[in-house]
Amino acid sequence: MSNLTTAQQALSRGDWSAARHLLQNILRAEPRSTEGLYLLGVCEQAAGNASTAEQTLRQLLLIEHGHFGGHYSLGLLLSAQGRDHEALVHHDQAVALQPQQIWAYVNRGNARARLKQYTTAIEDFQHALELQGNLPEVHTNLGNALRETGRLDEALLAHEQALRLRSNFTNAWVNRAGVLLALKRPEDALQSAEEALKHT
């Protein structure tokens with residue numbers, strides 16, 4: 001069994017210390033190991049060491065600019081820090097490198113929505129759902145973006161699709177209530193809010 005495999009196993013069971021030790025040993029022997037750098041970046045991110053994770057992932061991308069995992073992970077890391085403008089560069093790269101990767105579109109859509117780029121966020125969520133339609137979280141994210149652009153009937157349909165997929169999805173019930181209020185349907189909105197309370 002290779003050291004990389006052992007490190008991956010340590011990561012899988014959440015043993016960040018053991019994984020870090022193994023990966024640092026690998027990188028001392030092979031400083032340009034892209035897989036070693038990638039796994040160390042993931043390890044540091046999971047362990048809550050954001051600065052070290054960012055430095056490691058940037059080092060990886062200097063060696064292999066087209067590393068999907070590096071862009072994907074760095075985009076998530078930057079978005080988690082509220083740095084969505086920077087993150088979009090890496091979300092764009094992730095989508096370009098693996099255009100069939102559903103969550104690359106979702107991550108970019110979420111970043112765009114936080115930046116109030118709702119039209120392009122909608123496109124990302126729709127593309128993700130074309131690839132896999134049974135994702136309630138993505139349907140409700142789509143619904144939220146549609147609401148922000150005034151497309152209330154479509155937003156309502158998106159939240160209702162989320163609820164068809166997961167009937168106890170509290171956020172979808174809450175968001176549906178908000179759309180119903182905007183549509184001037186207060187009784188239906190109240191019913192939706194009551195459903196949300198049942199599932200909290």
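Scroll up for the structure.
Note that this is a predicted model, so its numbers are computed, not measured. Position numbers for residues count from 1 along each chain, tracking the sequence in the order it is written. Local features are withheld for residues below a pLDDT of 70 in this predicted model, meaning they are given only at 70 or higher, and side-chain atom pairs are given and counted only at 80 or more; totals for whole chains, interfaces and linings count all residues. Think of the side-chain values as coming from all heavy atoms in the structure, minus any hydrogens and water.

## Details of the packing of helix H11 (residues 170-182) against helix H12 (residues 186-198)
A pair of packed helices is characterised by two quantities: the angle between their axes and the separation of those axes. Heads up, the rule is: Whenever a helix is involved, its axis is fitted only over the stretch in contact; in every case the axis is a line through C-alpha atoms, and angles between N-to-C directions fall within 0 to 180 degrees. Secondary structure elements are defined from DSSP: runs of H or I of at least 4 residues count as helices, runs of E of at least 2 residues count as strands, and each element is numbered from the N terminus. Any angle that is under 35 degrees is reported as roughly parallel, and any over 145 degrees as roughly antiparallel; angles of 65 to 115 degrees are reported as roughly perpendicular and all others as oblique. Left-handed is the label given to a crossing in which the near helix is rotated counterclockwise from the far helix by less than a right angle, and right-handed is the label when the rotation is clockwise. Only heavy atoms matter for contacts: two residues are in contact if any of them lie within 4.5 Å across the pair. In the scheme used here, Gly and all other residues not listed as nonpolar or charged are polar, with Ala, Val, Leu, Ile, Met, Phe, Trp, Tyr, Cys and Pro taken as nonpolar and Asp, Glu, Lys and Arg as charged.
One way to put it is that H11 packs onto H12 with a least axis distance of 8 Å and a crossing angle of 165°. With respect to each other, H11 and H12 are oriented roughly antiparallel. Considering the relative orientation of H11 and H12, their crossing is left-handed. Along the contact surface, H11 presents Thr 170, Trp 173, Val 174, Arg 176, Ala 177, Leu 180 and Leu 181, while H12 presents Pro 186, Asp 188, Ala 189, Ser 192, Ala 193, Glu 195 and Ala 196. Grouping the constituent residues of the contact of H11 with H12 by class yields nine nonpolar, two polar and three charged.

## With respect to unusual backbone geometry
Peptide bonds are mostly trans, and most non-glycine residues show a negative phi. Keep this limit in mind: Relative accessibility thresholds used throughout: buried, under 20% of the residue-type maximum; exposed, over 50%; partly exposed, between the two (1.4 Å probe, protein chains only).
Here the phi dihedral of Lys 116 falls at roughly 65°; this positive angle occurs in a residue that is not glycine. Within the element layout of this structure, Lys 116 appears in the loop between helix H7 (102-114) and helix H8 (118-131). Classification of Lys 116 by relative accessible area gives exposed; the value is 61%. One non-glycine residue, Lys 184, lies in positive phi territory at about 60°.

## Here we look at the pattern of salt bridges
Applicable threshold: By convention in these notes, a salt bridge is any Lys or Arg side-chain nitrogen within 4 Å of a carboxyl oxygen on Asp or Glu.
This model, assessed by the stated rule, comprises 15 salt bridges. Asp 15 is the partner of Arg 13 in a salt bridge, and the nearest nitrogen-oxygen pair spans 4.0 Å. Residue Arg 13 is classed as exposed on the basis of its relative accessible area of 57%. Taking relative accessible area as the criterion, Asp 15 reaches 29% and is therefore assigned partly exposed. Among the salt bridges present, the one from Glu 137 reaches Arg 166, with a minimum N-O distance of 2.6 Å. Placement of the pair is Glu 137 in helix H9 (residues 136-148) and Arg 166 in the loop between helix H10 (152-165) and H11, with a sequence separation of 29 residues. Here Arg 166 falls in the partly exposed class, since its relative accessible area comes to 30%. Among the ionic contacts, a cluster of salt bridges with common partners joins Glu 54, Arg 58, Arg 83 and Glu 86.

## Some remarks on the nonpolar core
Stated formally: Side-chain atoms within 4.5 Å link the members of a nonpolar core, which is a set of buried Ala, Val, Leu, Ile, Met, Phe, Trp, Tyr and Cys residues.
Phe 125, Ala 128, Val 138, Leu 142 and Leu 146 are the most contacted members of the largest nonpolar core, which totals 26 residues. Elements represented by at least two residues in this core include exactly helix H5 (68-80), helix H6 (84-97), H7, H8, H9, H10 and H11. Considering every element that reaches this core, the biggest residue donor is H8, with six residues. If we skip the residues at most four places from it in the chain, Leu 142 touches Ile 122, Phe 125, Gln 126, Leu 129 and Ala 158. Of all hydrophobic cores here, the second largest spans 20 residues; its members include Ala 10, Leu 23, Leu 77 and Leu 78.

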